[in-house]
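Chain residues, written in single-letter form:
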Amino acid sequence: VNAGTGARGVRLRPGRVVAGRRQEGPDEDALTLAIEAADRLLDGTTTPPIDRVHWFSATMPTGTADIVGAALGVPPGSVSLHPDRRSELETTRRAQTGGAPDSALWLFSSTDNRADATAVAWRGPLEAPSGSGAHGGIDGDGAASQWANALDSLPTIDHPFDPSSAAAVPAFELPLLDQRSEGAYVPRPRYIENLPSRLRFAADRCANCGVVTFPIRGYCRGCGAADRLVRVELPRQGGEVLAVTTIHSGAQPTEFDWWVSARGPYDVALVEIAPGVRVTLQVTDAPPGQVRPGDHVRTTVRRLYPMEGEWRYGRKAVPGSTR
Amino acid sequence: MSPPGERAAIVGAGHTKFGALVEGPRELLRRAIDLALASVDKGVERGAIQEAFLGTLGISGWQLGNSSAILAEELRHPGIPVTRVENACASSGFALRAGVQAIESGARDLVLVVGLEKMTDSPSARRRYWLGVSGDTEYERLAGLTFAGVYGLLAARHMREFGTPPEALAEVAVKNHRNGVLNPNAHFQKAITREQVLAAPRVATPLGLYDCCPVSDGAVALLLARRSDAGKYTDTPVTIAGAGAGSDFLAVQERPSLTHFAATRRAADEAFRRAGFERRDLSFAEVHDCFTIAELIALEDLGLAPEGGAAAMTLDGRTALGGTLPVNPDGGLKAKGHPIGATGASQAYEIFRQLRHQAERRQVANAERALAHNVGGSGASATVTLFEVR
């Protein structure tokens, strides 16, 4: 389900209801919901270009704005993370009035363990929601759901979940965020450098020989040329599963211990996202064994693993052929 | 191709037991070296060794850097140059190749090659951490894969492309365990049935517990001399007829083939070109069976089975002891154990024993020529080494 052409906004909420609340999965948070909502709204197009992203979230640390920017493919520094204050929203909204149409993207997302987990993506000048109490909940974590309720004409997407997981997520240890590497790991600068390939499937197509090099290496894997590379983005809506394996408890890297304790065994698939281009993706929102070779999967940004005080994000595979 | 007189030959070899051992890394090194020195028929002074190469991953981090110096210490001959060679599970396959090159180049006359790993003295979480450090970190490990998972994907693909049945994977384990019973150095000396393999708990589907090699400790030492000088040490040296090696993309997702290892193919082509004999001349082969699927992939890459044909070859018993081409008569990594850095040297040790007809109950009849195949990780690096007695 997409927002559809011409829609100015979209509301996204988890399809799973636990104890009356729309609950996110263990690898989702306000960042992944915001990116998913933006992906659904933009549907792969970035014309006209977005030059400013205002992201309202009370819970996400400042540094995550850069992750959202990389996921949306906007220039560095384009994403402002606002901690959900009404006055800030009003000021920001007024400052935007008169700006180039459609050049701003507004994101609201919240996961606060009390209200529904929700994200709203809105493109263009932000119009004040009509109706009483529309601004009432801007303070605090309920912002996204308040705005979403106010903007009730927005198309609403129930983000698919594995129906068999319709139960509360078992508690897992957030102190895992303190995980330290004992040696081999991806240092943060290398993680940030690689985000275009990891989050947007950025690749280089060689104008010499036509070979697509993924992830970006700075030269062509086909002919070795470095001077005729054209930056492209491979389809994020997914591809065909070439092979899949179910990782049982004990066969996971230590970085995935938190996932095994939260959800148990998981699948990892080798997915062909363009002819001859493969990517290795953990499968989420599906019980182990559901995804089969030959299936089509789509991809979505999720939490991968905790490292040195923060979550690391990347794309995962989700069952289903289209968005 | 070097004239035969300039080739390298193994003149002595020592092998500790493989398994969960109480000995620490220093003691394992010392024992393997002392066994190798004692095995030289006409004797050798440790002071005659001019250089050494140590293959080890350094698991647990007990001495992660500069472990070379410890080898010199335990040789009780500090002062000689020692180089640590690290190519994951192919570390001592590559260390052996470095030793062969030191001899063949004329730079050295007597070289020591040692493989070592001490894996079982760390808690299991730390062992799991280490077992994934040699795959692609960004896209494989951090998508949730260790080597079991990567080989699970390769097995799933092999089954899909060639119709390889689970029974063929199971038969690799059954056969190698049967051979391990005959090897007093093996980690597992216990036969298993096909039903046990198929019913075992899954690790990374389609691979189960008995499809995976164990976590083992052990050390192996090899003494290399010039073939033309080897008579000083023994009347039955084992000649290294050809050493080949190759590399491939680190991440499986970047390789054109998901069912074959290009590094193995390159290494085999080079080794046979150097050796000047053919695959049909082999008496047996030691191949890298870290997971059961790896033995099938190896047989096809080495040209010992047609593409997609390793399953039938295995199910027909042609790779069993007494078959047309026995594979892993020592039990392979699967039953003998896989102390990461020691495995390549251990394969050469088995060939040294077999070609000198000292392999006791697992002796391959009329063994004259053999192949050793050692893989780093999931195929990012590989060596193929050919041996003969003549």
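Structure: above.
Counting starts from 1 at the beginning of each chain's written sequence and moves along it residue by residue. For naming, the first written chain is A and the first written ligand is 1, with later ones following in the order written. Selection of residues for local features in this predicted model requires a pLDDT of at least 70, selection of side-chain atom pairs for listing and counting requires 80 or more, and totals for whole chains, interfaces and linings are taken over all residues. Computation of side-chain values: all heavy atoms of the structure, hydrogens and water removed.

A. Main features of helix α2 (residues 64-72) of chain A. Residue and element names in this part refer to chain A. For every residue, the accessible area (1.4 Å probe, protein chains only) is compared with the maximum for its type, and the residue is labelled buried under 20%, exposed over 50%, or partly exposed between those bounds. Secondary structure follows DSSP: runs of H or I at least 4 residues long count as helices, runs of E at least 2 residues long count as strands, and numbering of each begins at the N terminus. Counting buried positions along α2 yields eight of nine residues, so the element is predominantly enclosed. Within the sequence span of α2, burial applies to T64, A65, I67, V68, G69, A70, A71 and L72. In the segment just after α2, G73 is the residue with positive phi, at about 75°.

B. View of the interface of chain A and chain B. Any two residues whose heavy atoms approach within 4.5 Å are treated as being in contact. Facing the 42 residues of chain A at the interface are 32 residues of chain B. When chain A packs against chain B, the two sides together hide about 3,300 Å² of surface, and 54% of this comes from carbon and sulfur. One speaks of a salt bridge when a side-chain nitrogen belonging to Lys or Arg is within 4 Å of a carboxyl oxygen belonging to Asp or Glu. Applying the counting rule to chain A against chain B returns three salt bridges. A salt bridge links E254 of chain B to R221 of chain A, with the nearest nitrogen and oxygen atoms 2.2 Å apart. Throughout this description, a polar contact denotes any pair of N or O atoms lying within 3.5 Å of each other; where both atoms belong to protein, one of them has to be capable of donating a hydrogen while the other can accept it, and for residues adjacent in sequence the pair is counted only when both atoms sit in side chains. Where chain A packs against chain B, one counts 15 residue pairs in polar contact (both at pLDDT 80 or more). Listed by contribution, the elements that provide at least two residues to the side of chain A that touches chain B are α6 (195-200), β12 (239-247), β13 (266-274), β14 (277-282) and β15 (296-307) of chain A. Tallying contributions element by element places β12 of chain A first for the side of chain A that touches chain B, with seven residues. Throughout, buried area stands for the accessible area (probe radius 1.4 Å) lost by two parts on being put together, summed over both.

C. Examining the sheet that holds strand β10 (residues 369-376) of chain B more closely. Residue and element names in this part refer to chain B. DSSP-based pairing: two strands are paired if at least 2 bridges between them are found. Taken in spatial order, the nine strands make up an open sheet running β3-β2-β4-β7-β1-β8-β11-β10-β9, and their pairing is mixed. Strands with a single pairing partner mark the edges of an open sheet, and in this sheet they are β3 (82-85) and β9 (284-286). Each neighbouring strand pair of the sheet contributes to a mean axis angle of 25°, computed without reference to strand direction. Here, axes are lines fitted to C-alpha atoms. For helices the fit covers the stretch in contact, and angles between N-to-C directions go from 0 to 180 degrees. Together, β8 (238-247), β10 and β11 (381-388) form the strand contacts of helix α8 (residues 262-275), whose direction differs from that of β8 by roughly 145°.

D. Quick peek at the side chain of R236 of chain A. Residues and elements named next belong to chain A. Examined against the element boundaries, R236 turns out to sit in the loop between β11 (229-233) and β12. According to the relative accessible area criterion, R236 is buried, its value standing at 13%. Engagement of the side chain of R236 in a polar contact is seen with the backbone oxygen of R200, the distance being 3.4 Å. At 3.0 Å, the side chain of R236 and the side chain of E233 are in polar contact.

E. The arrangement of the packing of aromatic side chains in detail. In this scheme Phe, Tyr and Trp rings, the latter by its six-membered ring, pair at centre separations within 6.5 Å, and the angle between planes marks the pair as stacked below 30 degrees, edge-to-face above 60, and tilted otherwise. Counted under the stated rule, the structure contains 11 aromatic pairs over all chains. Ring geometry for F201 of chain A and F214 of chain A: centres 5.9 Å apart, planes at 90°, overall edge-to-face. Here the residue F201 of chain A occupies a position in the loop between α6 and β9 (202-206), and F214 of chain A occupies one in the loop between β10 (212-213) and β11, the gap between them amounting to 13 residues. Grouping residues by exposure puts F201 of chain A and F214 of chain A together as buried. Residues F214 of chain A and Y139 of chain B carry aromatic rings whose centres are separated by 5.9 Å and whose planes lie at 65° to one another, so their mutual orientation is edge-to-face. Residue F214 of chain A is located in the loop between β10 and β11, and its partner Y139 of chain B is located in the loop between α4 (124-131) and α5 (147-162); the two belong to separate chains. An identical accessibility class is assigned to F214 of chain A and Y139 of chain B; each is buried. Grouping aromatic residues by their ring pairs yields a cluster made of F56, W106 and F108 of chain A. Only lysine NZ and arginine CZ atoms are considered, and such an atom sits over a ring when it is within 6 Å of the ring centre and within 35 degrees of the ring normal. When the ring centre of F201 of chain A is taken as reference, the NZ or CZ atom of R315 of chain A above it lies at 5.9 Å.

F. Main features of the pairing of strand β6 (residues 104-110) of chain A. Residues and elements named next belong to chain A. With seven of its seven residues buried, β6 lies for the most part within the structure. Alternating positions in β6 separate into two faces, A104, W106, F108 and S110 on one and L105, L107 and S109 on the other, with burial throughout. Bridge analysis of strand β4 (residues 52-56) against β6 gives five bridges, and the strand direction is parallel. Its bridge partner lying in β6, R52 is registered against A104. Where β6 meets strand β7 (residues 118-123), six bridges bridge the pair, whose relative direction is antiparallel. Each residue of the ladder has a partner; that of S109, found in β7, is A119.

G. Region of the structure containing the nonpolar core. As used in this record, nonpolar core signifies buried Ala, Val, Leu, Ile, Met, Phe, Trp, Tyr and Cys residues forming a set joined through side-chain atoms within 4.5 Å. Ranked by internal contacts, the top residues of the largest apolar core, which has 105 residues, are L105 and L107 of chain A together with Y151, F291, I293 and L386 of chain B. Among residues more than four places away in sequence, those in contact with L386 of chain B are T239, I240, A241, G242, A271, F272, A275, F277, L282, A370 and L371 of chain B. The next biggest cluster of nonpolar side chains, apart from the first, holds 35 residues, and it includes A90, A102, I351 and V364 of chain B.

H. Looking closely at the pattern of salt bridges. The final tally for this structure, using the stated rule, is 45 salt bridges over all chains. Between R265 of chain B and E307 of chain B there is a salt bridge, with the nearest N and O atoms lying 3.7 Å from each other. Note that R265 of chain B is positioned in helix α8 and E307 of chain B in the loop between α9 (292-301) and α10 (310-315), a separation of 42 residues in sequence. Among the residues examined, E307 of chain B registers a relative accessible area of 54% and is labelled exposed. Each member of the salt-bridge network shares a partner with another, and the members are D27, E28, D285, R302 and K316 of chain A.

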